[in-house]
Amino acid sequence: MKEDFLRYNNDLKRIITTVIIIVMLPFVFGTIGFMIAKGIDLKDAFLLTIETLSFLGERKEAGASFVIQVLLLVVGLVAVWTALAEIVSFIVEGKFSNYFREARQMNNLKKLKYHVIICGGGRIGERVAEGLLKKRKKFVVIEKDSSVASFLEKKNYLVILADALHEDVLEEAGIKRASVLVSVLAETEKNVLVVLTAREINPDVYIYARSDSAEYTRKLRKAGANQVVVPEISSAEEIIRSI
């Protein structure tokens, strides 16, 4: 999310810079042109350029000054259309809306405190998110699969499209301010790494982790998980209780 925001921010800065340069070009061209053609000072040349571009001037120039007027109008027209094309392109490509969406999400992330971080937006992660939503608990989901992340975003969940294994991603999710971390990645060995990293950053966070074997359950507890869940065993026990 942070990388996307920075990319959109750079694109926006580039568009603004490009538009400013394009808009300024006719004024620079006209001012310098009139100064040379008419032998007038900077102020008068700039005012004459404004009159020409705004069609406010009633006087018609002759000779070299007339050529400057015509070229100035052409340059001005091209500049306006080029600037509009840059702006429209930025909006049509969705970068404009994406910029503000990412900015809003970044702001929402910064406001999170005593929240839950869900690492993995698969079936288990989604169910956890649904339960937290019903309990009105604040949470953020970290998911590296773009299609899964998009699906969760359509549910209005706060989602970070990134790999939870990276320390900076956990920090972006507010691990230092979080009260609970739920690591339910499909690969248990990755859950071990997430738990180790999270515990190192925030010794006080309560950690739930998913495991697929007794061996990894021990490793997860040793890594710092407070509670380890083995879905397969839990499902089997539930079936046994119902028989």
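In what follows, the structure referred to is the one given above.
Colleague: How should the pattern of salt bridges be read in this particular structure?
Modeller: For side chains of opposite charge, pairing can occur when their charged atoms come near one another. Taken as a whole, this structure holds four salt bridges when the rule is applied. Among the ionic pairs, K155 bridges to E130, the shortest N-O distance being 3.1 Å. Separated by 25 residues along the polypeptide, K155 in the loop between helix 6 (146-153) and strand 3 (159-161) and E130 in helix 5 (residues 123-134) bring together distant segments of the chain. K155 sits in the partly exposed class, given a relative accessible area of 29%. Residue classification places E130 among the partly exposed residues on the basis of a relative accessible area of 26%. For K190, the salt bridge is made with E187, and the minimal N-O distance between the two is 3.9 Å. Residues joined in a network through salt bridges with shared partners are E126, E130 and K155.

Colleague: Whenever I open this one, a negative patch on the surface confuses me. Can you help?
Modeller: Among the surface-exposed residues, E167, D168, E171 and E200 lie close enough to one another that they form a single negatively charged patch. In terms of residue count, the dominant contributor to the negative patch is helix 7 (residues 167-172) (three residues). When you line up the elements, E171 lands in helix 7. The exposure class of E171 is partly exposed, given its relative accessible area of 36%.

Colleague: Honestly, the nonpolar core in this entry has me stumped. Any pointers?
Modeller: If you look at the biggest cluster of nonpolar residues, it comprises 29 residues, and the most contacted ones within it are I117, I142 and L181. Those elements giving two or more residues to this core turn out to be strand 1 (116-119), strand 2 (139-143), helix 7, helix 8 (188-201), strand 5 (206-210) and helix 9 (214-223). Ranked by residue count, the leading element in this core is helix 8, at five residues. Once you skip the residues sitting within four places of it in the chain, L181 turns out to touch I117, C119, L170, I175, V194, A198, V205, Y206, I207 and Y208. In terms of nonpolar packing, the next biggest core, distinct from the first, is built from 13 residues, I118, F139, V180 and V182 among them.

Calculation notes
Residues numbered from 1 in each chain as written. Predicted model: local features only at pLDDT ≥ 70, side-chain atom pairs only at ≥ 80, totals over all residues. Heavy atoms only, no water. Salt bridge = Lys/Arg side-chain N within 4 Å of Asp/Glu carboxyl O. Helix = DSSP H or I, 4+ residues; strand = E, 2+ residues; numbered from the N terminus. Buried < 20%, exposed > 50% of the residue type's maximum accessible area, 1.4 Å probe, protein only. Patch = residues over 30% accessible without salt bridge, like charges linked within 9 Å, V, L, I, M, F, W, Y side chains within 5 Å. Areas by Shrake-Rupley, 256 points an atom, 1.4 Å probe, with all protein chains shown as cover. Lys, Arg positive; Asp, Glu negative; His and termini not counted. Charge placed at Lys NZ, Arg CZ, Asp CG, Glu CD. Core = buried A, V, L, I, M, F, W, Y, C linked by side-chain atoms within 4.5 Å. Contact = heavy atoms within 4.5 Å.

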